[in-house]
Amino acid sequence: MKGNEAIVHGALLAGARSFFGYPITPASEIAHTAAALFPATGGVFLQAESEVAAINMVYGAASSGVRCITASSSPGMSLKQEGISYSAGSELPMVIVDIMRGGPGLGNIAPEQGDYFQMVKGGGHGCYKMPVLAPNSVQEMCDLTMTSFDIADRYRTPVIVLADGLVGQMKEPVYLPKPVTDLPDKTNWSVQGTPETRQNLVCSIYLKPDELEAHIEHLEQKAATIAERETRWEEYRTDDAEIVLVGYGIVSRILKGVVDAGREQGIKLGLVRPITLWPFPVDALRAAVEGSDACMVVEMSTGQMVEDVRLSVGDLAPVWFYGRAGGNVPAEEDILEEIVVNRAKATGEAKS
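Report follows, based on the coordinates. Being a predicted model, the structure only gives us computed values, none of them experimental. (Residues numbered from 1 in each chain as written. Predicted model: local features only at pLDDT ≥ 70, side-chain atom pairs only at ≥ 80, totals over all residues. Heavy atoms only, no water.)

So, the packing of helix 1 (residues 3-13) against helix 6 (residues 138-155)
To keep things clear, this is the line we draw: Note on geometry: axes are C-alpha line fits, over the in-contact stretch for helices, and angles between N-to-C directions span 0 to 180 degrees. Counting from the N terminus, the helices are the DSSP runs of H or I reaching at least four residues and the strands are the DSSP runs of E reaching at least two. Whether a crossing is left-handed or right-handed is set by the direction in which the near helix is turned from the far one by less than a right angle, anticlockwise for left-handed and clockwise for right-handed. The contact definition used throughout considers only heavy atoms, calling two residues in contact when any of these lie within 4.5 Å. Any residue outside Ala, Val, Leu, Ile, Met, Phe, Trp, Tyr, Cys, Pro, Asp, Glu, Lys and Arg is labelled polar, Gly included; the first ten of those are nonpolar and the last four are charged.
Put simply, helix 1 and helix 6 touch, their axes get as near as 7 Å, and they point 35 degrees apart. Our pair here, helix 1 against helix 6, has a crossing hand that is right-handed. In contact with Gly3, Asn4, Ala6, Ile7, Gly10, Ala11 and Leu13 of helix 1, helix 6 contributes Val138, Met141, Cys142, Thr145, Met146 and Phe149. For the contact of helix 1 with helix 6, the per-class residue count stands at 9 nonpolar, 4 polar and no charged.

What follows is the structure, given as structure tokens:
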């Protein structure tokens, strides 16, 4: 199945029964599949009149305690930002999927990774952080969607699944896990229209500065707990790596090929792949880079995650960058050539 279709299967297997969205390329298959499967499994699918309406419908459904999901692509995510900020402020668990395409503006429908800043740094207003998971395969589109629902409920927070259009559109075999049957009890905070939940209130408005500051401090403490417990990453041949490559999403799969090709040429390469973009795997990256000659970040953008890498390891080794934008996918041979050039420059500078 396609990556976009696997998202929907993962959501249903996680117990989600509400989907609100507005189709947009290259994410449209998510809405198409949800329209076919959510009603068929006793759930709700509703095509909203806009992305703004869709995220606010998710806000309402999440307030009632049901597992719910929405999905869009880059321009649509820009429209959702106000609702995402409201949801983060109200501590509403939900899963939001962004299938990135080329930008800015309308851009094009080719894959890109230009939404990193918007999703990882929080494109909405106010002090909040959200977990961001970045699958690199169709299987992970299913698995990490299910994981995202668990994280969302465990910490009462929106969770982002961030994938580029290539992962959303490509087809691979998928093993469908067993469905989740034991969903968390949310009667202590949700509003379900029952006597048990009558006293509950879901909101993000705190008119007194001290009350709002206390709420923000509560959100910060929760973020610290998430950073401590939910950081995820993958390493490949980093034990003796002279140069550590860093990439996420589809780029991480390309970089595995670069690592193998480089080692065949006598260049000891390794790979660190962040699976959670927030929380970012700072400690794991520092451990992998320590003692190496350099670190190289590859992105399908002009450089966004590279800023987090430089903040993480800048004192340990030089950080190189290679990126393609506009829907161009970095080629294995071009990345390897860039490594050879940078390595030669670094060796020459060291000799001079």
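So, next bit.
Some points on the side chain of threonine 157
Filter applied, for reference: Summary of the burial criterion: residues with accessible area below 20% of their type's maximum are buried, those above 50% are exposed, and those between are partly exposed, where the area comes from a 1.4 Å probe applied to protein chains only.
The topology assignment puts threonine 157 in the loop between helix 6 and strand 6 (158-164). For threonine 157, a relative accessible area of 5% puts it in the buried group. Once residues within four sequence positions are removed from consideration, threonine 157 is found in contact with Leu92, Pro93, Met94, Lys129, Met130, Pro131, Ile151, Ala152 and Ile226.

With respect to the sheet that holds strand 8 (residues 243-246)
Two strands in a sheet stick together by hydrogen bonds in their backbones, pointing the same way (parallel) or opposite ways (antiparallel). We count it as follows: Pairing between two strands requires that DSSP report at least two bridges joining them.
The strand order across the open sheet formed by 5 strands is 7-9-8-11-12, and the pairing between neighbours is mixed. Two strands lie at the open edges of the sheet, namely strand 7 (233-236) and strand 12 (319-323), each paired on one side alone. Each strand of the sheet is rotated relative to its neighbour by a mean of 20 degrees, with strand direction disregarded. Relative to strand 12, strand 11 (residues 294-299) is paired through 5 bridges, and the arrangement is parallel. Residue pairing across strands places glutamate 299 opposite glycine 323, the latter belonging to strand 12.

Examining the layout of surface pockets
Quick reminder of the rule: For cavity detection a 1 Å grid was placed over the protein atoms alone, and a set of points counts as a cavity when a 1.4 Å probe fits there but cannot get out; an open set counts as a pocket when protein lies on both sides within 12 Å along at least five of seven lines, with lining residues being those that have an atom within 4 Å of a point. Grid points are joined across faces, edges and corners, and a volume is the space filled by probe spheres set on the points.
Estimates place the volume of the largest pocket at around 250 Å³. In terms of lining residues, the largest pocket is bounded by 13 residues, among which Ser85, Gly89, His125, Gly126 and Ser204 are the most central. Of all the elements, helix 8 (residues 209-229) adds the most residues to the lining of the largest pocket, at 4 residues. Of the residues that constitute the lining of the largest pocket, the class distribution is 7 nonpolar, 6 polar and no charged. The computed volume of the second largest pocket comes to approximately 180 Å³. Considering the residues around the second largest pocket, the lining is formed by Ser74, Pro75, Ser78, Arg101, Gly102, Gly103, Pro104, Gly105, Glu112, Gly114, Asp115 and Gln118.

So, the state of the cysteines
Formally: By disulfide we mean two sulfur atoms from cysteines, separated by a distance within 2.5 Å.
In the structure shown here, the tally under the stated rule is 0 disulfides. No disulfide involves cysteine 142; its sulfur sits 18 Å from the nearest other cysteine sulfur, which is in cysteine 68.

With respect to the side chain of glutamine 304
In plain terms, the rule: Polar contact criterion, stated in full: a pair of N or O atoms within 3.5 Å, where within protein one must be able to donate a hydrogen and the other to accept it, and residues adjacent in sequence count only if both atoms are side-chain atoms.
Here glutamine 304 lies in the loop between strand 11 and helix 11 (305-313). Residue glutamine 304 is classed as buried on the basis of its relative accessible area, which comes to 11%. Within the structure, the side chain of glutamine 304 is placed 3.1 Å from the backbone oxygen of glycine 114, a separation counted as a polar contact.

Description of helix 1
Of all 11 residues making up helix 1, 9 are buried, and the element is well covered by its neighbours. Within helix 1 the residues assigned to the buried category are Gly3, Asn4, Ala6, Ile7, Val8, Gly10, Ala11, Leu12 and Leu13. In this fold, the buried residues of helix 1 make contact with helix 2 (28-37), strand 3 (68-73), strand 4 (94-100), helix 6, strand 6 and helix 7 (165-169). One or two positions beyond helix 1, positive phi appears at glycine 15, with a value near 100 degrees.

Observations regarding the packing of aromatic side chains
Filter applied, for reference: Any two of the Phe, Tyr and Trp rings considered here, Trp counted by its six-membered ring, make a pair once their centres fall within 6.5 Å; the pair's planes then place it as stacked at under 30 degrees, edge-to-face at over 60, or tilted in between. Two conditions define a charge located above a ring, namely a distance within 6 Å from the ring centre to NZ of Lys or CZ of Arg, and an angle within 35 degrees of the ring normal.
Across all of its chains, the model carries 4 aromatic pairs by this definition. Look at tyrosine 116 and tyrosine 248: their rings are 5.8 Å apart centre to centre, the planes differ by 45 degrees, and that puts the pair in the tilted class. Taken together, the residues span a long stretch of sequence, with tyrosine 116 in helix 5 (residues 116-120) and tyrosine 248 in the loop between strand 8 and helix 9 (250-264) at a distance of 132 residues. Take tyrosine 116 and tyrosine 248: they sit in the same class, and that class is buried. By way of ring pairs, the aromatic residues Phe19, Phe38 and Phe45 are connected into one cluster. One cation-aromatic arrangement involves lysine 256 over tyrosine 236; the distance from NZ or CZ to the ring centre is 5.3 Å.

Points about the pattern of salt bridges
Two side chains with opposite charge may pair up if their charged atoms get near one another. Stated formally: Salt bridges are identified by distance alone: a Lys or Arg side-chain nitrogen within 4 Å of an Asp or Glu carboxyl oxygen.
If you walk through the whole model with that rule in mind, you get 17 salt bridges. Shared partners join several salt bridges into a network, and the residues in it are Arg67, Asp150, Asp153 and Lys186.

Some words on helix 6
The condition is simple: What a helix should span is 1.5 Å times the count of its residues minus one.
If you check helix 6, its first and last C-alpha atoms are 26 Å apart, about what 18 residues at 1.5 Å a residue would give, namely 26 Å. Counting buried residues along helix 6, 13 of its 18 residues qualify, which places the element largely inside the surrounding structure. Of the residues one or two after helix 6, arginine 156 is the one with positive phi, at around 50 degrees.

Some thoughts on unusual backbone geometry
A cis amide bond links glycine 103 with the next residue in sequence, proline 104, at an omega value of 10 degrees. Assignment of secondary structure puts proline 104 in the loop between strand 4 and helix 5. Here the residue pair tryptophan 278 and proline 279 is connected by a cis peptide bond, since its omega of 0 degrees sits within 30 degrees of zero. In this fold, proline 279 is placed in the loop between strand 10 (276-278) and helix 10 (282-289). Even without glycine at this site, glutamate 91 takes up a positive phi of about 60 degrees. Its place among the elements puts glutamate 91 in the loop between helix 4 (74-89) and strand 4. Classification of glutamate 91 as buried rests on a relative accessible area of 12%. Phi angles above zero are rare outside glycine, and arginine 237 is one such case at about 55 degrees.

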